[in-house]
Amino acid sequence: MSIVTVQLGQCGNQIGHEVFSALCSDSRGTHGLCSKNENQSYQDCCKERFFCEEQSAVPAARAVLVDMEPKVIGQALSMAASSGHWRYSSHSHFCQKQGSGNNWANGYCVHGPRHKEAIMELVQREAERCDRLGGFLTIMSMAGGTGSGLGAFVTQCLRDAFPTSFILNHVIWPYGTGEVIVQNYNSVLTLSHLYHSSDALLVHENDVIHKICAQLLNIKQISFRDVNQVIAHQLGSVFQPTHTAGGGSGYSRNPLGDLLESLVPHPEFRMLGLRNIPQMAQSSLPYSTFSWPGLLRHLRQMLIANAQMEEGIDWQVRPPQPGSSIPCTNKPLHFNTSIANLLILRGKDVHSVELGSFQDPSLYTSWLNPQDAFTAWKTPRAFNKYEKSAALVSNSQFLLKPLDSIVGKAWNMFASKAYLHQYTKFGIQEEDFLDCFTTLEQVISSYTNP
């Protein structure tokens, strides 16, 4: 089944380009770790999922590019075309000249309704080019105006136009230090609207990715492109083909559907996070060896201690003892309770890996059977440059602190009516803000006592 990617705003278009580049270079690689047949079916599956074979020999990405300024889309189109390995379709982008001025209300109330018809026509056309549509992946930022405001509007339109299709929003969480003075308003408005129309939100935090670039990849002068390439690698590690549990010998038919079925058992819990291991500079790879038990021990501790990378994990954090009479509100400090986890393993000896440690009931909330809360996908084909690699997509308490912080900062601004006039002039009223705060307070409450 095919996935249509909708790239929204500057951030969404830059990351989208890196994602397709990563998918293309991985599927073209001739990894010697699996049979020729396995490699061929992997490549075929990747192509059907993300690319459309047209008359020309160069596959076209199944994507729609949307921005209110032309510059970034122009760059993405020309960089893809000049790669010679993939391209964007010539009629799959929509841009204007005026931008959204980092104002969510401008994107949602003005640009969205004004350009709805043109944007949805592009999406419809892209969907009709799929033999079997598996759903939509949107890529957007929360902090600005176009990605967040227009992104929330387009997601609602997707839900109305394709009521039975899966919609996964990939969302970039802004730097804590701030990129835009009103980023907390934009973030609260984005998250609350997406919570109503999306099936799940897959979140990457800029601060975390920045740390990975600095500490694991040893990049001295970190650019947005470095950050975007790490995000693209992590997304590729989830969406490239794998064999699902009980899926027989073929590759997964519907990655979005399988992912959401595994990870979202209840509509109150839609926040997904992603951790990858290993992540290291290309120059360090020849001197590194990895064993599955070692990788998974680190990954499990990253999960329960809520660490986003393998450096600096707190090994003191332990799951609560089974049978202990401690109420769930007093779980050990910093212990990250999971609703559900999906583990994706790629590479050598993958079918002999022991996964019992991820089925430990003490990792999970009590209302779900651990057998239902944990899923594993595997493929013997290595991903990118790693002989063995693992990705963990988890629905857990990982975002509680950042979410609480953003809502708190936005509320403080709202209470003093700071910058509110910038939103009311485009049609977002104080009651709309209050509705959004209520939605997110409910999300925080659900994740605090899952």
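Before reading on, note that the structure itself is shown above.
First, a word on what this report is: a plain description of the structure on this page. (Residues numbered from 1 in each chain as written. Predicted model: local features only at pLDDT ≥ 70, side-chain atom pairs only at ≥ 80, totals over all residues. Heavy atoms only, no water.)

Points about the pattern of salt bridges
- In this structure the tally under the stated criterion is ten salt bridges.
- The closest approach of N and O atoms between D199 and R159, which form a salt bridge, is 3.0 Å. With D199 in the loop between α6 (183–197) and β9 (200–205) and R159 in helix α5 (residues 146–161), this pair connects stretches of sequence that are 40 residues apart.
- Judged by its relative accessible area of 22%, D199 falls in the partly exposed class.
- One salt bridge connects R300 with D360, and the closest N-O pair in it is separated by 3.1 Å. Of this pair, R300 sits in helix α10 (residues 292–304) while D360 sits in the loop between β11 (338–347) and α11 (370–373), placing them 60 residues apart in sequence.
- Of the residues examined, R300 reaches a relative accessible area of 16% and is grouped as buried.
- Taking the relative accessible area as the measure of exposure, D360 reaches 23% and is therefore partly exposed.
- Taken together, the salt bridges that share partners define one network made up of K348, E387 and K388. (Salt bridge = Lys/Arg side-chain N within 4 Å of Asp/Glu carboxyl O. Helix = DSSP H or I, 4+ residues; strand = E, 2+ residues; numbered from the N terminus. Buried < 20%, exposed > 50% of the residue type's maximum accessible area, 1.4 Å probe, protein only.)

Some points on the packing of α6 against helix α14 (residues 430–448)
- Direction vectors running N to C along α6 and α14 enclose 70 degrees, while the axes themselves pass 9 Å from each other. The angle between the axes of α6 and α14 places the two elements in the roughly perpendicular class. Facing α6, whose interface residues are Y185, V188, L189, L191, S192, H193, Y195 and H196, α14 presents F433, C436, F437, T439, L440, V443 and Y447. (Axes fitted to C-alpha atoms, helices over the stretch in contact; angles between N-to-C directions. Parallel < 35°, antiparallel > 145°, perpendicular 65-115°, else oblique. Contact = heavy atoms within 4.5 Å.)

Here we look at empty space enclosed by the protein
- The tally for this structure, following the rule as stated, stands at four cavities of 30 Å³ or more.
- Within this model, the largest cavity holds a volume of roughly 80 Å³.
- What lines the largest cavity is V203, H204, E205, V208, I209, I212, Q234, G273, L274, Q308 and F398.
- Listing elements by their share of the lining of the largest cavity, those giving two or more residues are β9, α7 (206–216) and β10 (271–277).
- Each residue belonging to the lining of the largest cavity can be placed in one class, and the counts come to six nonpolar, four polar and one charged. (1 Å grid on protein atoms, 1.4 Å probe; cavity = no way out; pocket = protein on both sides within 12 Å on 5 of 7 lines; lining within 4 Å. Points joined across faces, edges and corners; volume = space filled by probe spheres on them. Nonpolar A, V, L, I, M, F, W, Y, C, P; charged D, E, K, R; others polar.)

Details of unusual backbone geometry
- Here the residue pair I277 and P278 is connected by a cis peptide bond, since its omega of -5 degrees sits within 30 degrees of zero.
- For K417, which is not glycine, the phi torsion reads 60 degrees and is therefore positive.
- In this structure, K417 sits in the loop between α12 (400–415) and α13 (420–424).

Overview of the environment of A382
- Assignment of secondary structure puts A382 in the loop between β12 (374–379) and β13 (388–396).
- What makes A382 buried here is its relative accessible area of 1%.
- Sequence spacing of A382 and R346 is 36 residues, and the spatial spacing of their C-alpha atoms is 5.2 Å.

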